Each structure stands twice: as C-alpha cells, then as structure tokens.
Amino acid sequence: MMRLILALALALTMAAPVRAAIEIRQVTSPGGVGAWLVESHDIPFVALEIRFRGGASLDAPGKRGATNLMTALLEEGAGDMGAREFARARDALAASFRFDVGADSLRVSARMLSENRDQAADLLRQSLHAPRFDADAIERVRGQVLSAIASDAKDPQALASQTFDRLAFGDHPYGSAPDGTADSVQALRRADLVEAHARVIARDRLYVAAAGDITAQELGLLLDRLFAGLPETGAPMPPQSDYGLPGGVTVVPFDTPQAVAVFGQPGMERDDPDFFAAYVMNEVLGAGGFGSRLMEEVREKRGLTYGVYSYLYPMDLAPMMLGQVASSNGRVAEAIEVIRAEWARMAQDGVTQEELEAVKTYLTGAYPLRFDGNAKIARILVGMQMDGLSPDYVTTRNDRIRAVTQEDIRRVASDLLQPDALHFVVVGRPEGLETPAN
Amino acid sequence: MRRLRNLLVLLLIWAGPATADRVTDFTLDNGLQVVVIEDHRAPVTVNMVWYRVGAADEPPGVSGIAHFLEHLMFKGTDEVAPGAFSRIVKAQGGSDNAFTSWDYTAYFQRVAADRLDLMMQLEADRMTDLRLAGPDVETERDVILEERNQRTDNDPGALFREQMRAALYLNHPYGIPIIGWRHEMETLSKADALAFYDTYYAPNNAILVVAGDVTPDAVRDMAQTHFGGLAPSDALPARVRPQEPPHLAERRVMFEDPRVAQPYLMRSYLAPERDSGDQGRAAALTYLAELLGGEGATSFLGERLQFERQVALYTGASYGGLSLDDTAFNLFVVPAPGVSLETAEDALDKALAAFLREGVDPALFDSLKSQLLAAEIYARDNIQGLARRYGRALTSGLTIEDVQAWPDVLQAVKPEDVMAAAHDLLKGGNAVTGWLSRPVAEVTEVTQ
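Residues numbered from 1 in each chain as written. Chains lettered and ligands numbered in written order. Predicted model: local features only at pLDDT ≥ 70, side-chain atom pairs only at ≥ 80, totals over all residues. Heavy atoms only, no water.

**So, the UniProt feature "domain: Peptidase M16 N-terminal" (unreviewed entry) in chain A**
- Per the UniProt record, "domain: Peptidase M16 N-terminal" (unreviewed entry) is found at residues 40-174 of chain A.
- In this annotation, residues 40-174 of chain A is assigned 47% helix and 21% strand; the end-to-end C-alpha distance for the span is 38 Å. (UniProt positions renumbered as here; feature names shortened; annotations may be inferred. Helix = DSSP H or I, 4+ residues; strand = E, 2+ residues; numbered from the N terminus.)

The structure is reproduced here in structure tokens:
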C-alpha cells in the first residue's frame, strides 16, 4: 500500500485549516441587556447560555454552600408554582433548563422550541426572579446536597481535589467545595438562600449568549422578557486568592485499589501576553491526550494508567496549572516520578520544532470544528465574554497560535513550570510515598 | 435539582428516536453497509466504523477481549506505526477515539469535512491489516487493568451494578462486564486478540456511518476507493448467543463496601428490546420508564417517594431498548437519611402496586409524547449523536427503516399499551433486587 504511505506523508504537511464559519452579532435589548448571537434557522429551537460571574465564591461569610443550595432550588418552585407545577409547566413546553454553580459562575443552560419560546422564557424568568424557596423544597434538596457531600467524602477523586484546594487556598472560597460542609449546609436557613440569590443574580455580572432559530430583534425582546427588573448589583467579588502550597506530596490514606493523584502549581492569567505560548506548551506536555508527552510516557510506554493529563486553569481569582493521574497503589509512585521528570524536561528544554508544528496544526485545525451545533456555539460564546474576548477572537485566535515560536515556549516553560513547586495530593494506599498526611 | 453525582447517571441516557431527513444508505459489493447523514451547518464530519461484534460475542474464558482488541487497534499496521494513528488524525486537526459495548465495537474520527478521505483510508487499512508487537500488547494489558480499576474497582457503585447484571442474566453473556472479569483480563494474550480480530473484523461485518458536511455521492466514491477492495469474510459466525430461560425466582444481591457513602437499592427485570419491525412493546416500555422514574418532580415514583412522603432522595428508572437480545429494565431508590433500605423497598413495592392499580396519568402521558417529538428537534443539533443512533441500532439487529419509524412508533403508543407492558414486566416473582450499603459496623459511626 504505497499509496497510503504517500498520502499520509502529504497529509502531515497539507493541513490548511478551514475557517470558523460563524458570524457573531452583538445584540443589545431595548432595556440595555447585552448578548452575543449566532443566528441559524435550520432547526426550530434556540440554545441560551446565561452566566452570573462570582458563583459560589460569593457565599456570605459563614454561609458556605448557600449559593449552591440556592441554585439547586431555582427549579424547585417559582412565582405561584410549586416544584411539581413548575416541572409540569416546563415539560409541557418541552423546554429544558439546567442550573449549575461553580467557583466562578452560576450557569443556566436553556433550550426552547421556537413554537413556544415566549412561554418558555416566561417560565425561566420566574425561576430567576421569583424562586419560592418553599420549606419542603429546601428540606428535600438539602437532603440531596448532604448526600452529595457524604459521597464526596468517600470518593477518591473528590477527596483528592478538595484536599488540594484546601491546601492551596485555605480560607478563601476556592479552598473549599461549593457544596459546603455537612454542618454549614445543615445550618442554612431560608433567609440565607434569599440573601445568596441577591448576591449572585444581578445585572452587573450577567453574560448571555444565544444560538439558533432567533433573530437579533427577537433576541432583544427575549432578553428583556428574561431580565428586565433584575437588581442592578450583586455582592462585591471576593479578593484574589493567594496560592499557598509549596511543592511536595500529601497522602490521604483511603482503602481503594487505585490511587488517585491531583497535582498542580501556580498557573498563568488568561490575559497574560504569554498565555498562548503557555497553552501551546501545555498541549505538548499534557493536555493533548494521545501524543502528549505525559500520555506517551506514563500510559503508552509504561502502562501505568488509563489516563493522565495537565491543564491550565485560569480561574478568575487565581490562575493554576493542574493535572491528574490514577494508578494502582503499587505503581503510582513511579507515575509521579515520570510526571515530575517530564515537568522538568519541559522546563529545561521546551519543545522540539517538530512537536511545535504538529501541535499548531492540530490546534488550528481543530478550532473551527468546535462550532457545530447551537448548544456548543452558545457555550463557546458565553465563555468568550467571560474571558473578556471580543467577537473577532474567532477569526484571530488561530493566528495567535501560529505566532508562537519555539523560543517563546522555551522562555515561558522555564518561567512557568516549577518542578520543585509541583504538589501531588494522593488518595489511596500508595506504596513508596512516605509523606505523612495533613 | 438534577445533579445526581455519578450515582444514577445511567438513568439520564434517553435512547431517543431519529430524524428521517437527509439520511442515505447503500451497501458495497463486499457487504460493507454505509449510512450518510447530511448536516451542512458546519464544515465538520464524523467518520465512524461500527463492527457487529461486542463483548457478548466473546468466547468463554476471555472476557474483555473485544474491548482489549479495541485498544490494540491503535497499535499499528504495516503502514501505520504503533500509536501513529491518532497522531495522523491530530495532524489534520481531528480527534479520534473508540468504544466497545456488548453488541458493538466502534471507531470514530471527527475532522474537517475535506479530510474525510484520509480517515476512511486509515480505517480501511486497520480493518484487515493489524500488526501487533508483543511488548505493546503486554503494556496495553496493564492499561486496561488500570481502566478497570478506574471505572469499576475504585467505585463500589460500579462493582454493585456489575454484580446486579451478573445476577440478572442466568445464561446470556450480557451478565459479563464489557471490560472483563479481572482474573480473565490478566491472561488475555496477543493470540486471543488476533483470533477475535480475524473472526469478526471484515467489511461484511461492519457499518460505515458518516455524518456532517458531506454528500452521499462523495462518500460512496471514497468508500468504494478505500473499502471496496477488501475481501469479505466467508466465515462470519452467526450472531446467536445463549438466550435467557424463563426467570422463575426472585433473586437478591446484598453488596457491602466500606467506601459506600450513600446506600441505595436497585431492581432489575429482564425486558424485551426493540426488534426489527416490532418495536411497539419497546416503545411502551420507553414510556413506562419515564412515567415511573423520569423527571423526579413529575414521575410516579418521584411523587410517591420524594414528594408525598420523604422516603427517597432520588428515584429513577432506566430502560435500554437498543440491544440485540433481551435487555434490562431498572428501578432505583436512594433512601432519605434515616430511612432503611428495607423501608425504601417496601415503599417501592407499594408504589408499583399503586401504579398498576391507578394507571397512567393522562396529562403526564401527553406531556411525554410532545417531549418525545421535541427530543427529535433537539437531537438534530448534534451530528455525532445522530451518527451514534444509527450505529447502535444497526449493530443491535435493527434496520434504517426501524430507526426512522421509531418516532412514529413512539407517537402511536397509547396509555393502555403502557399498562399492558407494565403488568407484564412487574408481575412479580422474577426480579433481581439489590442493596448497596456499608458494613453494619460502619453505619453506626459518626459521619466525618
């Protein structure tokens, strides 16, 4: 099959990427609410993504878990409807609303059919403006949250992440799980939920994106239908968080056959001029799945894990660089040793020209493929707004990837990657890792 | 609140119906079936090769070999070096992966539409030309053992569900986990993998599904060019697995593990799957799962166990109609704090009896019906999802016509069909009921 070999050789040099075929419009409603829109009338529905910046980090002092419980209750009764009436009304419209909260934002993902979009929006408006926080709903959902907290306490993955966060950020909101603790959640009262709602659901931290079967004018009206009358301001954002975790290993003893390790060090801000160089570097190091150095060294060559990866995690109040691996108790020490060595090798030598070209081809070629579907487009658009990007980013992003040089990466890798600052939290019964638990 | 935390995620998988528009299919002379799903909204295509073979087709004693082979399919051919497959795809800006179930093994790439030709070339190459080096096989066996650790052995809920399934199936290999039993995985060899490959990987045992910004004519030309020259197998085994005898006895699975934070109970019934030309009962069971245990705030179990009484934190039901042989219908109850599994099971039994007595809530039934129609609209937003829908159906004994008839079959279901299916399913005396809990000594400890 000579033909195949020839084609493969050509393929490696001929990958000129397609351009992202989307047109982003910035829409402002009559009432002054802004949103980004990609119109697409092929399928009769619209995907809507709504964000409120701050999320669970806006919990009032002593009220850890209030924003999370509040968010979970938004669909549990609103206006003159109880939880069941609300669910029936939503289902009768075949609309879908998903509410979720994390450390940096409260997220609402909605899908609405064109045929009943206004009615669906009215319903969603109720859940955002007038959640009831009925006593029975609070107790029901509190029980669910407490169950989740108890489950996390026995889940090696959650234990590792939560331990890492606590060690890195201490008393800052980033240092604890948005769910709160069993004690803090038990102590929450209805007034705390009303307060949490007022702290987060406000105009000054609102971001909206829409994609699908809706015109700019229709979207303007929809925005006011959803958000008119929302309070102007929420609670002030918490301060930047100081990452306080030196390099090392922390073992959390837990009886399970496979140890789970979360590792990390300080990262880089999203708006740092070197962010693209760091991003490309990390794609070679550990973000790229198959072909990344960590995956090659830890999985493909040694069979030590099913998956290993590293990623830049520029949270709003603390940039981090994190990673994860899971390996049998008897082998995890070797996996950690290999990861540390790869961290050091990248810091020392950067990437080869061949690696750089391969990863640029991948990143620039893959980017336009992200925009296939209303739901995906709306998610990307709202994320861009929260990252402070402009709509033309979709056309300039690949040029910025292409502009990264080997020298950029050498410089950034040697500044950013600190093998001595890398800290591993290992949950399990790892052999050959002697550090005592905290 | 719908965040169920890795406990009941399975419940949310809604095996919805398909759109009839813009789907073309044809078969090459060597038996390769081709399905083209057009969607020209974005310059993207998904290229999938589905083999009509999965874990339930494995010979006895080598459980996990179908999945192990899936991993080894990335370990090289004469032309493509070990591990190079994914690198070539990535050099095109594409991504790729593969997955294995009881009834199928599938490989896919997601690339710009103008790179499709090369993807087909790569898939055709490894359909018949796999070359494995011994050390690669040994290393990859360690990888699948770590995968089993990660998916199953580190998660008491996964171990429990594995035991439940093994108890449900008395004779059919659906009772064996896809990833394999650990003691058998540890002995899987290169020879086992190649024997399975030689038996089942051939164009007349495969389906090419291409979805996205493509035309049927172009796909036909490319498929002919790359797959057309591959010889069909004349020794494909008939897909006949040992079938289930009548289930005549109640069975119980009591699984205890100190890592359990949230006890729950699960009940499994053997249930008919979607059969070609005869999908009516499966459609009724699809409604039944939603009516009993769909949306918590409206479903029968949710109303009775979560709202009217606070017996449960969560309730749920799942039914997977896409299956070559008899499938499972499952119910779940996660008890509220202080409620024993015994009390929860008693409440479940009473609720099921009440459902059989009271019948279907007509308003909820109508709402479900329109949601199923809407699900078709939402499904069109995800081409990879559509491609999977066809691949799964065609490897599970259904035809394209069955897939396209399914929305109408669902719309034709009547409340009395659902109740007939419910009486049949829930007649009693033949289910598997399982409790996942902590050992007693641990339960009395103070929660940390």
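**A few points about the packing of helix α3 (residues 116-128) of chain B against helix α8 (residues 216-227) of chain B**
Residues and elements named next belong to chain B.
- Where α3 contacts α8, the two axes come as close as 9 Å, and the packing angle between them is 35°. Considering how the two elements wind past one another, α3 and α8 form a crossing that is right-handed. Contacts between α3 and α8 involve Leu116, Asp117, Met120, Gln121, Glu123, Ala124 and Met127 from the former and Val219, Met222, Ala223, His226 and Phe227 from the latter.
- Residue classes in the contact of α3 with α8 are distributed as eight nonpolar, two polar and two charged. (Axes fitted to C-alpha atoms, helices over the stretch in contact; angles between N-to-C directions. Left-handed = near helix turned anticlockwise from the far one by under 90°. Contact = heavy atoms within 4.5 Å. Nonpolar A, V, L, I, M, F, W, Y, C, P; charged D, E, K, R; others polar.)

**Considering unusual backbone geometry**
Residues and elements named next belong to chain A.
- In the Ramachandran plot, Ala94 falls in the positive-phi region, its phi being about 55° despite a non-glycine side chain.
- Note on placement: Ala94 falls in the loop between α3 (83-92) and β6 (96-101).
- Residue Ala94 is classed as buried on the basis of its relative accessible area, which comes to 7%.
- Of note, Phe133 is a non-glycine position whose phi angle comes to about 50°, a positive value.
- Here Phe133 is to be found in the loop between α4 (117-129) and α5 (135-152). (Buried < 20%, exposed > 50% of the residue type's maximum accessible area, 1.4 Å probe, protein only.)

**Brief notes about the environment of A:Arg88**
Residues and elements named next belong to chain A.
- Checked against the element boundaries, Arg88 lands in helix α3.
- A residue is classified by how much of its surface remains accessible, and Arg88, at 30% relative accessible area, is partly exposed.
- Taking the C-alpha atoms as reference, Arg88 lies 48 Å from Leu245; in sequence the two are 157 residues apart.

**Some points on the pattern of salt bridges**
- Per the counting criterion, the structure on display carries 62 salt bridges over all chains.
- With a shortest N-O distance of 3.7 Å, A:Arg270 and A:Asp387 are connected by a salt bridge. With A:Arg270 in the loop between β10 (258-266) and α10 (275-287) and A:Asp387 in the loop between α14 (374-386) and α15 (393-402), this residue pair connects regions lying 117 residues apart in the sequence.
- One salt bridge in this structure joins B:Glu358 and B:Arg304, with 2.7 Å as the shortest N-O distance. Here B:Arg304 lies in helix α10 (residues 300-308) and B:Glu358 lies in helix α11 (residues 341-358), a separation of 54 residues in the sequence.
- Relative accessible area serves as the criterion here: at 45%, B:Glu358 is assigned to the partly exposed category.
- Classification of B:Arg304 as partly exposed rests on a relative accessible area of 21%. (Salt bridge = Lys/Arg side-chain N within 4 Å of Asp/Glu carboxyl O.)

**Examining the interface of chain A and chain B**
- At the junction of the two partners, chain A supplies 85 residues and chain B supplies 68 residues.
- Across the chain A/chain B interface, buried area totals approximately 6,600 Å², and carbon plus sulfur atoms make up 54% of it.
- There are nine salt bridges connecting chain A and chain B.
- A salt bridge links B:Glu140 to A:Arg299; its shortest N-O distance comes to 3.1 Å.
- At the boundary of chain A and chain B, one finds 31 residue pairs in polar contact (both at pLDDT 80 or more).
- Among the elements that line the side of chain A that touches chain B, the one with the most residues is α5(A), at 10 residues.
- Partitioned by chemical class, the residues of the side of chain A that touches chain B number 41 nonpolar, 18 polar and 26 charged. (Buried area = accessible area lost by both parts, 1.4 Å probe. Polar contact = N/O pair within 3.5 Å; in protein donor to acceptor, adjacent residues only side chain to side chain.)

**Here we look at the environment of B:Asp25**
- Mapped onto the secondary structure, B:Asp25 falls in strand β1 (residues 23-27).
- With residues near it in sequence (within four places) discarded, B:Asp25 still touches B:Val34, B:Val35 and B:Ile400.

**A short note on the UniProt feature "domain: Peptidase M16 N-terminal" (unreviewed entry) in chain B**
- Per the UniProt record, the feature "domain: Peptidase M16 N-terminal" (unreviewed entry) sits at residues 34-179 of chain B.
- For the annotated span residues 34-179 of chain B, helix accounts for 42% and strand for 18% of the residues, and the straight-line distance between the end C-alpha atoms is 28 Å.

**Examining the nonpolar core**
All names here are of chain A.
- Formed by 73 residues in total, the largest nonpolar core has its most connected members in Met281, Ile339, Leu417 and Val426.
- Residues within four places of Ile339 in sequence aside, it is in contact with Phe263, Leu294, Val298, Val308, Val325 and Phe424.
- Within the second largest apolar cluster, 57 residues are counted, among which are Ile50, Ala56, Leu223 and Phe227. (Core = buried A, V, L, I, M, F, W, Y, C linked by side-chain atoms within 4.5 Å.)

**Things to note about the pairing of strand β5 (residues 105-112) of chain B**
Residues and elements named next belong to chain B.
- With eight of eight residues buried, β5 lies mostly within the body of the structure.
- Pairing geometry for strand β3 (residues 44-51) and β5, over eight bridges, is antiparallel. Its bridge partner being in β5, Val46 is matched across the sheet by Arg110.
- Following strand β4 (residues 95-100), the chain reverses through four residues before pairing antiparallel with β5. (Pairing = 2+ DSSP bridges.)

**Section: the pairing of strand β9 (residues 312-319) of chain B**
All names here are of chain B.
- Here β9 lies mainly inside the structure; eight of its eight residues are buried.
- Both β9 and strand β10 (residues 327-335) contribute to a ladder of seven bridges, which runs antiparallel. Bridge pairing in β10 links Ala317 to Leu331.

**Considering the UniProt feature "domain: Peptidase M16 C-terminal" (unreviewed entry) in chain A**
- Following the UniProt record, one finds the feature "domain: Peptidase M16 C-terminal" (unreviewed entry) at residues 188-361 of chain A.
- Secondary structure content for residues 188-361 of chain A is 41% helix and 24% strand, and the end C-alpha separation is 51 Å.

**Here's the deal with the domain arrangement of chain B**
Residue and element names in this part refer to chain B.
- Parsing chain B into structural domains produces domain 1 (23-228) and domain 2 (251-437).
- With centres defined by C-alpha atoms, the gap from domain 1 to domain 2 works out at 29 Å.
- Interface of domain 1 and domain 2: buried area, both sides summed, is about 3,100 Å²; carbon and sulfur atoms make up 69% of it.
- Three residues stand out in domain 1 for area buried against domain 2, namely Phe160, Met164 and Leu168, and they jointly supply 22% of the buried area on that side.
- The interface formed by domain 1 and domain 2 includes one salt bridge.
- We note a salt bridge from Arg41 to Asp381, for which the minimum N-O separation is 2.9 Å.
- At the surface where domain 1 touches domain 2, the tally comes to 12 residue pairs in polar contact (both at pLDDT 80 or more).
- Among the elements of the structure, β1, β2 (33-38), β3, β5, α5 (156-168) and β6 (206-212) are those that each provide at least two residues to the side of domain 1 that touches domain 2.
- By residue number, the principal contributor to the side of domain 1 that touches domain 2 is α5, which donates nine residues.
- The residue makeup of the side of domain 1 that touches domain 2, split by class, is 23 nonpolar, six polar and nine charged. (Domains from an automatic or database assignment.)

**Let's talk about the domain arrangement of chain A**
Residue and element names in this part refer to chain A.
- When its domains are assigned, chain A resolves into domain 1 (2-227) and domain 2 (248-428).
- Both faces combined, the contact of domain 1 with domain 2 buries some 3,500 Å², and carbon together with sulfur accounts for 75% of it.
- Applying the counting criterion to the domain 1 and domain 2 interface returns one salt bridge.
- Among the salt bridges present, the one from Asp316 reaches Arg53, with a minimum N-O distance of 2.8 Å.
- Where domain 1 touches domain 2, the interface holds seven residue pairs in polar contact (both at pLDDT 80 or more).

**Some words on the packing of aromatic side chains**
Residue and element names in this part refer to chain B.
- A full pass over the atoms with the stated rule returns 31 aromatic pairs over all chains.
- The interplanar angle of 80° and the centroid separation of 5.9 Å between the aromatic rings of Tyr51 and Tyr107 together place this pair among those described as edge-to-face. Separated by 56 residues along the polypeptide, Tyr51 in strand β3 and Tyr107 in strand β5 bring together distant segments of the chain. For the pair Tyr51 and Tyr107, a shared accessibility class is recorded, and that class is buried.
- By the ring-pair criterion, three or more aromatic residues cluster together here, those being Tyr51, Phe74, Phe85, Tyr107, Tyr197 and Tyr201.
- We note Arg220 situated over the ring of Phe26; from NZ or CZ to the ring centre the distance is 4.1 Å.
- The ring of Trp406 carries Arg274 above its face, with NZ or CZ at 3.8 Å from the centroid. (Phe/Tyr/Trp six-rings, centres within 6.5 Å; stacked < 30°, edge-to-face > 60°. Lys NZ or Arg CZ within 6 Å of the ring centre and 35° of its normal.)

**A few points about the environment of A:Asp316**
Residue and element names in this part refer to chain A.
- With respect to the helices and strands, the residue Asp316 is situated in the loop between β11 (308-315) and β12 (318-328).
- Each C-alpha atom, one on Asp316 and one on Met237, is 10.0 Å from the other, the two residues being 79 residues apart in sequence.
- Non-local contacts of Asp316, meaning those with residues more than four positions away in its chain, are made with Arg53, Asp104, Tyr174 and Gln240.
- There is a polar contact of 2.8 Å between the side chain of Asp316 and the side chain of Arg53.

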